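Okay, here's what each chain looks like letter by letter:
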Amino acid sequence: MAKAVIGIDIGTTGTKTGIYDETGKLLGSAFEESVLIYPKLGWVEQRPDDIEGSVHRTIRAAMETGGVNPSDVVAIALDGQMGGVCTIDADWNAPTHYDSWLDNRCAAYLPRLKQRGMEILRASGCAPSYNHGPKILYWKHEFPEIWSRVRAFVQPAAYVAGRLAGLKGDDAFMDRTYLNFSTFADTANCRWNENLLADFGLDTARLPRIVEPWDVVGRLTHAAAEATGLRQGTPIAAGCGDQAANVLGGGIVEPGMIYDAAGTASVFSIVLDTFATDTTYQALMTCPHVVPGLYYAMAYVAGGGLNLRWFRDAICHAEKAGWESEGRNPYDELGRLAEAAPPGADKLIFLPHLGGRNTPNNTDMRGAFIGLTWRHEKSHMVRAVMESIGYEYLLYLRSVKTLAPDLVPTRITGIGGGARSQTFRQIKADILGLGYGRLDRDEFGTLGSAIVAGKAVGLFDDIAATARSFVKTVGDPIHADGANTAFYRDYAAYYADMLEESAGFFARLSALGQPAPA
């Protein structure tokens, strides 16, 4: 009997399901766009039922398009968004919406956490931001009635896995790849930081047990089998965070390898063989790798790719309709627009932090075009949006060099939707002065999850070797244009200055309309 494994990636912009055979060949896939809800300024949420339904539908669609027999599927695993929180009650129902990692309503609970920021960074690997800790405190203090019903805080992938398996609240789990986002973890020792929890009036009662990604957490119920088209009893692995799945699926499994995950978030990261934290700039967070003993230091622009989606929908809505009517991909067309503008976009700078800056954290930061003149067109604007990610990455590379001073980076491997754009890759290569390589696949999250699923049932033994064997590089890397790298140096310095100099302005803007202190 042929054996297949399923990986499901619950991303911010959508849910993807991929079915793979024992050699890593993609047999079938499906995608469904997410429904993001913006109830108020700075609030971003999703309905848990929508997320669960998207998993049901994409599994069924992938099975049908791939012509896969349900009896051939030996296991499934889910990965998903890492910084937000779902809630479950005693029966694994959701008392609240999904509180997205893009949502900043918990900002009022950050100042006290930031007083312990260095301690939290050293222990968890991540400075306080819009992640689990302040979100948990928000629900505890703002909604005590809901708090009384919450059995545990979990992430979207675990929420859906529990629904598929018919778990109860006491079965709540979190695999270790999410720990850096938890605020209250002792990540290096893979346990909860009970002393820190107590200092904030919390304990482990509403926190899930910590598991390995490949631990089998349950099996598909009859109802879930009916909804997905799979066999009842199919094993479900705990899975991992979406960035951890991307790293594994991309074969980024050796210390010193750098990757760019160009998705909803623009993520820059390097694999480490030890747990080390960025106490100098507090930009990088240190995350557990799926491969035991490895970590990856990561920084990101929360809405890096989402900024392009915003530009597509809000600024180029008329062009988008025309492109789609002609069967052209709007993102490809945005790349062509950007290519038409010169490096530096005629002195137009974009600040990409439309929902606040995450690494390092600044909840008041917002987006801006700086230097607009009448000569600027949409081509300049979209190029400036892309260049802003390169400037951020250059700041992250500075942090990497202080964290791992012996590292001499030679190239970046790009994964995710944004890595398909040659223009975007060239811009990053030029700004960073590094070669930029691309792999022979476009999808890595579902592949990483599928490898985890296979590990859970003994199909794959060495997950690092398996990941390496499943991906290959495509052609030669894009080489940095030395002249452009030198040209961008002053622009990058100006960008860094703007981040620093605008901090006070954005803080005052954030305070406008707020009641005066008593």
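A quick note: this is a predicted structure, and the numbers were derived from the prediction, not measured.

Turning to the pairing of strand 3 (residues 26-33), a few remarks are in order. Along any regular strand, the residues point their side chains to alternate faces of the sheet. Where strand 2 (residues 14-21) lies against strand 3, seven bridges are found, and the strand directions are antiparallel. Its bridge partner being in strand 3, Ile19 is matched across the sheet by Gly28. Hairpin connection of strand 2 to strand 3: four residues between the antiparallel strands, including Gly24 at a positive phi of 90 degrees.

A separate point is the packing of aromatic side chains. Counting across every chain of the model gives 20 aromatic pairs. Judged by centre distance (5.8 Å) and plane angle (40 degrees), the rings of Trp147 and Phe153 are tilted. Judged by its relative accessible area of 12%, Trp147 falls in the buried class. Ring plane angle 70 degrees and centroid distance 6.2 Å describe the contact between Trp310 and Phe311, whose orientation is recorded as edge-to-face. In this structure Phe311 comes out as buried when scored by relative accessible area, which is 0%. Here a set of aromatic residues connected by ring pairs shows up, and it is made of Tyr391, Phe487, Tyr488, Tyr491 and Tyr495. Geometry around Phe200 places Arg112 over its ring, the cationic atom sitting 4.3 Å from the centre. Here the basic side chain of Arg398 rests over the ring of Tyr281, its NZ or CZ set 4.0 Å away from the ring centre.

Another point: the pattern of salt bridges. By the definition in use, this model includes 28 salt bridges. Across the salt bridge formed by Glu119 and Arg116, the nearest N and O atoms sit 2.7 Å from each other. Judged by relative accessible area, Glu119 falls into the partly exposed class, the value being 35%. Here Arg116 falls in the partly exposed class, since its relative accessible area comes to 23%. Residues participating in the shared-partner salt-bridge network are Glu326, Arg328, Glu333 and Arg336.

This part covers empty space enclosed by the protein. Under the criterion given, the structure shown has four cavities of 30 Å³ or more. When its volume is computed, the largest cavity comes out at roughly 80 Å³. Taken together, 16 residues form the lining of the largest cavity, with Cys126, Ala127, Met285, Asn358 and Thr359 sitting closest to its centre. Counted by class, the lining of the largest cavity contains 10 nonpolar, six polar and no charged residues.

Looking now at the sheet that holds strand 14 (residues 235-241). Strand order in the open sheet formed by six strands is 3-2-1-5-14-13, with mixed pairing between adjacent strands. In this open sheet, the two strands that pair with only one neighbour each are strand 3 and strand 13 (216-219). Across the sheet, the mean angle from the axis of one strand to that of its neighbour is 20 degrees, orientation sign disregarded. As paired strands, strand 1 (residues 4-10) and strand 2 are joined by seven bridges and run antiparallel to one another. Residue pairing across strands places Gly7 opposite Gly18, the latter belonging to strand 2. Where helix 1 (residues 48-66) meets the sheet, it contacts strand 1, strand 2, strand 3 and strand 5 (73-80), and its direction lies at approximately 145 degrees from that of strand 3. Taken strand by strand, helix 6 (residues 156-165) contacts strand 1, strand 5, strand 13 and strand 14, and its axis lies near 145 degrees from that of strand 5.

Thresholds applied
- Residues numbered from 1 in each chain as written.
- Predicted model: local features only at pLDDT ≥ 70, side-chain atom pairs only at ≥ 80, totals over all residues.
- Heavy atoms only, no water.
- Pairing = 2+ DSSP bridges.
- Helix = DSSP H or I, 4+ residues; strand = E, 2+ residues; numbered from the N terminus.
- Phe/Tyr/Trp six-rings, centres within 6.5 Å; stacked < 30°, edge-to-face > 60°.
- Buried < 20%, exposed > 50% of the residue type's maximum accessible area, 1.4 Å probe, protein only.
- Lys NZ or Arg CZ within 6 Å of the ring centre and 35° of its normal.
- Salt bridge = Lys/Arg side-chain N within 4 Å of Asp/Glu carboxyl O.
- 1 Å grid on protein atoms, 1.4 Å probe; cavity = no way out; pocket = protein on both sides within 12 Å on 5 of 7 lines; lining within 4 Å.
- Points joined across faces, edges and corners; volume = space filled by probe spheres on them.
- Nonpolar A, V, L, I, M, F, W, Y, C, P; charged D, E, K, R; others polar.
- Axes fitted to C-alpha atoms, helices over the stretch in contact; angles between N-to-C directions.
- Contact = heavy atoms within 4.5 Å.

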